[in-house]
Amino acid sequence: MSSVLYDAQGPRAKRRNAVFTVVFLLALAALLWWVFSTLNDKGQLEWALWKPFFTGTEAWTTYIWPGLQNTLKAAVLAVIIALPLGAVLGIARLSDHAWVRVPAGIVVEFFRAIPVLVLMIFGLALFAEYTNVSSDDRPLYAVVTGLVLYNASVLAEIVRAGILSLPKGQSEAAMAIGLRKNQLMRLVLLPQAVTAMLPAIVSQLVVIVKDTALGGAVLTFPELLASANTMSGYYGANVIASFTVVAVLFIALNFALTSFASWLEARLRRSKRSTGAVLGVEDVDDINAAEVGGPHKTDGV
């Protein structure tokens, strides 16, 4: 019995794969035991180092929760600004007009090529030199600025690639029935492209959440990872315990984000299944009548 992608395994292949599986599991178990033994020998598994996180709320209310709040604040602000900015830049790169397409391409390629940490450092210097933002707020402003400039450029390429991935027949059919370029983009291309782009967009949102830690490492932004450094010093150098707790929180946060995106993607796919209905001339006239802009046009934006 065979599949379209590969032939079914024979007896020898099954035995070989079973041996490889057993060897891999043994190696993994040995590695985990070595890590456990090393941490135990160094005293990193003593209850006194882990106790602050399980008995009492001081560690959570003083260090972890404020750091998590700052992480979420920076990430949410960056997402709110970067998503629409990236969509505008991505659509602008597809414009028929060179005076729109070329500047958008320059902006995207420029900021996409610069490391986000460099953008944060430049942002901190600019806010300190040319604005009246207080020294306490500058790290947040710099982190958000760096995240927005870099991730908006990446999201612009995701949007452009998602729209270009659609069959050309979609655009040709829409133009054939009289839809204008802006109607084509809003009513035909973007609704279909969003579903295809959603996994890549969510991956970039996860990157935004994780990159907030760069502000804590360099710009003294008091986010979640920075709070682990302070917390480990206060509780007797429990570095392993502090960073393990922070890592689990990052994993839980990003897993919740990807799970929500998977649910949303499935719902969008179900809601966009075609009913098989065919638009007639009257339907197109109704669509155009609801739009502001007068008679049918097919010129670019």
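Residues numbered from 1 in each chain as written. Predicted model: local features only at pLDDT ≥ 70, side-chain atom pairs only at ≥ 80, totals over all residues. Heavy atoms only, no water.

### Quick look at the pattern of salt bridges
Moving on, step 1. Throughout the structure, instances matching the rule amount to four salt bridges.
Moving on, step 2. For arginine 93, the salt bridge identified is with glutamate 109, shortest N-O distance 3.2 Å. In this pair, arginine 93 is assigned in the loop between helix 3 (58–92) and helix 4 (98–113) and glutamate 109 in helix 4, connecting sequence segments 16 residues apart.
Moving on, step 3. Given the relative accessible area of 35%, glutamate 109 is considered partly exposed.
Moving on, step 4. Here arginine 112 and glutamate 109 are joined by a salt bridge, their closest N and O atoms 3.0 Å apart. Here glutamate 109 and arginine 112 lie together in helix 4, a separation of three residues that amounts to about one turn.
Moving on, step 5. Residue class for arginine 112 comes out partly exposed when judged on its relative accessible area of 34%.
Moving on, step 6. Taken together, the salt bridges that share partners define one network made up of Arg93, Glu109, Arg112, Glu157 and Arg160. (Salt bridge = Lys/Arg side-chain N within 4 Å of Asp/Glu carboxyl O. Helix = DSSP H or I, 4+ residues; strand = E, 2+ residues; numbered from the N terminus. Buried < 20%, exposed > 50% of the residue type's maximum accessible area, 1.4 Å probe, protein only.)

### Structural notes on the packing of helix 4 against helix 6 (residues 138–164)
Moving on, step 1. Relative orientation of the contacting elements helix 4 and helix 6 amounts to 125°, with a least axis distance of 8 Å. It follows from the interaxial angle that helix 4 and helix 6 lie oblique. The way helix 4 lies across helix 6 gives a crossing that is left-handed. Seen from helix 4, the contacting residues are Val107, Val108, Glu109, Phe111 and Arg112; seen from helix 6, they are Leu149, Tyr150, Ser153, Val154, Ala156 and Glu157. (Axes fitted to C-alpha atoms, helices over the stretch in contact; angles between N-to-C directions. Parallel < 35°, antiparallel > 145°, perpendicular 65-115°, else oblique. Left-handed = near helix turned anticlockwise from the far one by under 90°. Contact = heavy atoms within 4.5 Å.)

### Quick notes on the layout of surface pockets
Moving on, step 1. Each pocket or cavity is described by its volume, and for the second largest pocket that value is around 260 Å³.
Moving on, step 2. As for the second largest pocket, its lining consists of 13 residues, of which Ile163, Leu164, Lys168, Ser171 and Leu189 are closest to the centre.
Moving on, step 3. Tallied by class, the residues present in the lining of the second largest pocket amount to eight nonpolar, one polar and four charged. (1 Å grid on protein atoms, 1.4 Å probe; cavity = no way out; pocket = protein on both sides within 12 Å on 5 of 7 lines; lining within 4 Å. Points joined across faces, edges and corners; volume = space filled by probe spheres on them. Nonpolar A, V, L, I, M, F, W, Y, C, P; charged D, E, K, R; others polar.)

### Some remarks on the UniProt feature "transmembrane region" (unreviewed entry) in the protein
Moving on, step 1. Per the UniProt record, "transmembrane region" (unreviewed entry) is found at residues 18–36, 74–94, 106–128, 140–166, 187–209 and 239–264.
Moving on, step 2. Helix makes up 90% of residues 74–94 and strand 0%. Its end C-alpha atoms lie 30 Å apart.
Moving on, step 3. From the first C-alpha to the last, residues 239–264 spans 37 Å; its make-up is 100% helix and 0% strand. (UniProt positions renumbered as here; feature names shortened; annotations may be inferred.)

### Remarks on the packing of aromatic side chains
Geometry of an aromatic ring pair is reported as the spacing of the ring centres plus the angle between the planes.
Moving on, step 1. For the structure shown, the criterion picks out five aromatic pairs.
Moving on, step 2. Judged by centre distance (5.0 Å) and plane angle (85°), the rings of phenylalanine 110 and phenylalanine 111 are edge-to-face.
Moving on, step 3. Residues phenylalanine 260 and tryptophan 263 carry aromatic rings whose centres are separated by 5.8 Å and whose planes lie at 35° to one another, so their mutual orientation is tilted. With a gap of three residues between them, phenylalanine 260 and tryptophan 263 both fall in helix 10 (residues 239–271), about one helical turn apart.
Moving on, step 4. Using a relative accessible area of 47% as the deciding quantity, one classes phenylalanine 260 as partly exposed.
Moving on, step 5. Exposure remark for tryptophan 263: the relative accessible area of 43% places this residue in the partly exposed category. (Phe/Tyr/Trp six-rings, centres within 6.5 Å; stacked < 30°, edge-to-face > 60°.)

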